[in-house]
Amino acid sequence: MDFSELVVSQIKVPLDALCEGLMAAGELDQYLFFNGVAEMMGDGGDEGAVMMACIELGRCAFLGFRFTPDVELQVTTILDRAIELSSIMSADSLQ
């Protein structure tokens, strides 16, 4: 699995699912934020854009969003994957 496939399967697809659920629940502010992050990721091919999207994703902790337990689990899982991906990208850039 190459980098862009990893980004899409581990972060983009879960983000899109999260956005779908947020829109269905009428959580427009949350939807707009997470959809914006998903759009930043694009197709996962631009490592700089992916890194910026991962950093932006971390901001959700400071925006005052209140999540249902299910949404909180989704967000936490996505954040964990973004952190893992960021550390992989950082390790690759050090070599």
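About the criteria used
Residues numbered from 1 in each chain as written. Predicted model: local features only at pLDDT ≥ 70, side-chain atom pairs only at ≥ 80, totals over all residues. Heavy atoms only, no water. Phe/Tyr/Trp six-rings, centres within 6.5 Å; stacked < 30°, edge-to-face > 60°. Helix = DSSP H or I, 4+ residues; strand = E, 2+ residues; numbered from the N terminus. Expected span 1.5 Å × (residues − 1). Buried < 20%, exposed > 50% of the residue type's maximum accessible area, 1.4 Å probe, protein only. Contact = heavy atoms within 4.5 Å. Core = buried A, V, L, I, M, F, W, Y, C linked by side-chain atoms within 4.5 Å.

Engineer: Run through the packing of aromatic side chains, naming residues and quoting values.
Structural biologist: How two aromatic rings sit relative to each other is set out by the distance from centre to centre and by the angle between their planes. Enumeration according to the criterion identifies five aromatic pairs in this entry. Taken together, the ring pairs in this structure connect Phe-33, Phe-34, Phe-65 and Phe-67 into an aromatic cluster.

Engineer: Outline helix H1 (residues 3-24), listing residues and values.
Structural biologist: An ideal rise of 1.5 Å per residue puts 32 Å on 22 residues; H1 measures up with 31 Å between its terminal C-alpha atoms. For H1, every residue scored as buried is listed here: Val-7, Ile-11, Lys-12, Pro-14, Leu-15, Leu-18, Cys-19 and Leu-22. Phi for Gly-26, located one or two positions after H1, is positive at around 80 degrees.

Engineer: Summarise the side chain of Lys-12; cite the residues concerned and give the values.
Structural biologist: Mapping Lys-12 onto the fold places it in helix H1. Excluding anything up to four places from it in sequence, Lys-12 contacts Val-7, Ala-38, Met-41 and Gly-42.

Engineer: Tell me what's going on with the nonpolar core, and back it up with residues and numbers.
Structural biologist: Among the nonpolar cores identified, the biggest contains 23 residues, and Ile-11, Leu-15, Leu-18, Phe-34, Cys-54, Leu-57 and Leu-85 are the most heavily contacted of them. For this core, the secondary-structure elements that each account for two or more residues are H1, helix H2 (28-41), helix H3 (47-58) and helix H4 (69-94).

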